[in-house]
Protein chains: 2
Amino acid sequence: MAMYQKPTSHVINALTGQMGGFTGRYEKRLGDLAGIYADEVAFQQVLKTSKDRVVYCVHDTRPQQDQGDLIFGTTWMKPGKIGDEFYMTRGHIHARSNRPETYYGESGSGVMLLENPEGETQILEISERVLVYVPPMWIHRSVNTGPDPLVMSFCYPCDSGQDYEIIARSGGMAKRIVADGNSWKAIDNAAYRPRSAADVARVLATAN
Amino acid sequence: MAMYQKPTSHVINALTGQMGGFTGRYEKRLGDLAGIYADEVAFQQVLKTSKDRVVYCVHDTRPQQDQGDLIFGTTWMKPGKIGDEFYMTRGHIHARSNRPETYYGESGSGVMLLENPEGETQILEISERVLVYVPPMWIHRSVNTGPDPLVMSFCYPCDSGQDYEIIARSGGMAKRIVADGNSWKAIDNAAYRPRSAADVARVLATAN
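The rules behind these values
Residues numbered from 1 in each chain as written. Chains lettered and ligands numbered in written order. Predicted model: local features only at pLDDT ≥ 70, side-chain atom pairs only at ≥ 80, totals over all residues. Heavy atoms only, no water. Helix = DSSP H or I, 4+ residues; strand = E, 2+ residues; numbered from the N terminus. Rg over C-alpha atoms; globule rule 2.2 N^0.38 Å. Buried < 20%, exposed > 50% of the residue type's maximum accessible area, 1.4 Å probe, protein only. Contact = heavy atoms within 4.5 Å. Areas by Shrake-Rupley, 256 points an atom, 1.4 Å probe, with all protein chains shown as cover. Lys, Arg positive; Asp, Glu negative; His and termini not counted. Charge placed at Lys NZ, Arg CZ, Asp CG, Glu CD. Pairing = 2+ DSSP bridges. Axes fitted to C-alpha atoms, helices over the stretch in contact; angles between N-to-C directions. Buried area = accessible area lost by both parts, 1.4 Å probe. Salt bridge = Lys/Arg side-chain N within 4 Å of Asp/Glu carboxyl O. Polar contact = N/O pair within 3.5 Å; in protein donor to acceptor, adjacent residues only side chain to side chain. Nonpolar A, V, L, I, M, F, W, Y, C, P; charged D, E, K, R; others polar.

Peer 1: Would you explain the overall build of chain A in this entry?
Peer 2: The helix and strand tally for chain A stands at three helices and 14 strands. Here the C-alpha radius of gyration of chain A, 17 Å, is about what a compact globule of 208 residues would show, namely 17 Å. Overall, the C-alpha framework of chain A stretches about 60 × 40 × 30 Å when taken along its three principal axes. Across the 208 residues of chain A, 53% fall into the buried class. The contacts in chain A between residues at least 6 apart in sequence include a share of 70% that link residues at least 24 apart. Accessible surface, chain A as shown: approximately 8600 Å² in total, 51% of it carbon and sulfur. Between the averaged position of the 22 positive side-chain charges in chain A and that of its 24 negative side-chain charges there is a distance of 4 Å.

Peer 1: Sorry, what's going on with the sheet that holds strand S8 (residues 109-115) of chain B here?
Peer 2: Strand pairs in the sheet, formed through backbone hydrogen bonds, run parallel or antiparallel to each other. Residue and element names in this part refer to chain B. Strand order in the open sheet formed by three strands is S9-S8-S11, with antiparallel pairing between adjacent strands. The strands lining the two open edges of the sheet, one partner per strand, are strand S9 (121-127) and strand S11 (139-144). If you compare each strand with its neighbour and ignore which way they point, the axes differ by 20° on average. Taken together, the seven bridges between S8 and S9 define a ladder with antiparallel strand orientation. Looking across to S9, one finds that Leu114 is bridged to Gln122.

Peer 1: Which parts of the structure should I look at to understand the pairing of strand S4 (residues 70-77) of chain A?
Peer 2: A regular strand places its side chains on the two faces of the sheet in alternate fashion. All names here are of chain A. For S4, the buried fraction is high: eight of the eight residues fall into the buried class. Of the two faces of S4, the one holding Leu70, Phe72, Thr74 and Trp76 and the one holding Ile71, Gly73, Thr75 and Met77 are both buried throughout. Note that strand S3 (residues 54-61) and S4 share six bridges and pair antiparallel. What sits directly across from Tyr56, in S4, is Met77. Note that S4 and strand S12 (residues 150-157) share eight bridges and pair antiparallel. Along S12, the bridge assignment pairs Met77 with Leu150.

Peer 1: I'm lost on the interface of chain B and chain A in this one. Help?
Peer 2: Where interface size is quoted, it is often the accessible area lost as the parts come together. Contacts between the two partners involve 49 residues from chain B, matched on the other side by 49 residues from chain A. Carbon and sulfur atoms make up 59% of the surface buried where chain B meets chain A, a total of about 4200 Å² over both sides. Taken as a group, B:Tyr4, B:Arg129 and B:Tyr133 account for 18% of the area that chain B buries against chain A, more than any other trio of residues on that side. The residue B:Arg129 makes a salt bridge to A:Glu106 at a minimum N-O spacing of 2.4 Å. For the pair chain B and chain A, the number of links is 18 residue pairs in polar contact (both at pLDDT 80 or more). Among the elements of the structure, strand S1 (8-11), strand S4 (70-77), strand S7 (101-107), S9, strand S10 (130-134), strand S12 (150-157) and helix H3 (197-204) of chain B are those that each provide at least two residues to the side of chain B that touches chain A. When the residues that make up the side of chain B that touches chain A are grouped by side-chain class, the tally is 28 nonpolar, twelve polar and nine charged.

Peer 1: Before we go on, may I ask you to explain the sheet that holds strand S11 (residues 139-144) of chain A in this structure?
Peer 2: Residues and elements named next belong to chain A. Strand order in the open sheet formed by three strands is S9-S8-S11, and the pairing between neighbours is antiparallel. Two strands in the sheet have a free side with no partner beyond their single neighbour: strand S9 (121-127) and S11. Ignoring strand direction, the axes of neighbouring strands in this sheet form an average angle of 20°. By the bridge criterion, six bridges tie strand S8 (residues 109-115) to S11 in an arrangement that is antiparallel.

Peer 1: Quick question: what am I supposed to make of the side chain of B:Arg129 here?
Peer 2: Structurally, B:Arg129 is set in the loop between S9 and S10. Its relative accessible area of 12% is what places B:Arg129 among the buried residues. For B:Arg129, the side chain forms a polar contact with the side chain of A:Glu128, separated by 2.7 Å. In contact with B:Arg129, other than residues within four places in its own chain, are A:His10, A:Val11, A:Ile12, A:Ala14, A:Glu106, A:Glu128, A:Arg129, B:Tyr104 and B:Gly105.

Peer 1: Any chance you could explain the pairing of S11(B) here in plain terms?
Peer 2: Counted residue by residue, S11(B) has six buried out of six residues, so it is predominantly covered. Of the two faces of S11(B), both are covered, the one formed by B:Ile139, B:Arg141 and B:Val143 as well as the one formed by B:His140, B:Ser142 and B:Asn144.

Peer 1: Can you walk me through the environment of A:Val54 in this structure?
Peer 2: All names here are of chain A. Secondary-structure assignment places Val54 in strand S3. Put simply, Val54 and Gly181 are 127 residues apart on the chain and 25 Å apart in space, counted from C-alpha to C-alpha. Sequence-distant contacts of Val54, defined by excluding residues within four places in its chain, comprise Glu27, Lys28, Arg29, Trp76 and Lys78.

These figures capture arrangement, not role.
Right, dumping it as structure tokens:
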């Protein structure tokens, strides 16, 4: 008899991001997120008292590493800001850059900040029962712009991989998401260095 | 500049299964579902008055047909029975049999009836915020066992394809889901013909 993976079911808690039957889990604390916020003085100030504050937590299930399978899970992100810049994930492009991802709002409110290798930005709001589709070739980072935790479930091909360095290499993403009264706005990131044609070609070359 | 697909967002209505920004939609009416229920007399009786009754409706978004991309969407299924057998989808295995799928409960209650090519059955209940993972190589059919519409969202690799005939070729799935008081139970399908070793090998051979 062939070996078959067992079908599984996973209860998702929309408020806590807990997912039953997960196989992996990681947290990112403030102390892990040096360099991603514009206001370094504010960051260092918060770090003094809150280095271990969990900013976001991911549960996932990785059923199999073969091509064609799927990884799925949840992200929980604390509400808050460093200076006027909202808490966000570190962000990534898939190591195989043409792999997509779906994010589905479970609770809270935020935005998906997307950037293609040539520097074009797209920003999509996400909240309960809004599905955001991240197409192949887009760098993506989620941002909690609301007063409550932002919880999303996600799904992506298991052979995607993550390139977390692409954002650091360009001095951040082209836009930053900051407070604007009770809402949010996107402003230019002064430290951003657009990718060269050679940089873009290297990213596109990982597609397969 | 390279051509990039545009990121999109899609609001899902948990009660109606409507999804914003869909690119495809199909309905299955009672008249399309001849042969899937055990009680042919009851089926013909209902058909006389309700041939055009929509049993289920699928919305999906197929962003791109390349390998590595994802298809996502929603299924809405009416509550009801033919004889004592609950309304269900026609069911399929992926044409590339090692492609998986996630189903996520939006509202209502039902079961995912799963069967591997060698005839082993697994049954998982699904309701709001329960994610059912259909691993590679499993035939799957959803069944509405509740009093309300069953609505689920789903995601699967875009190169999966569907083989809808695998179930008909074996005289149905090995188990049927029927009413048991206010609940459900699985009973043997008397018409079921197990797949031969050659049949199994043909299904496994479509994996890639």
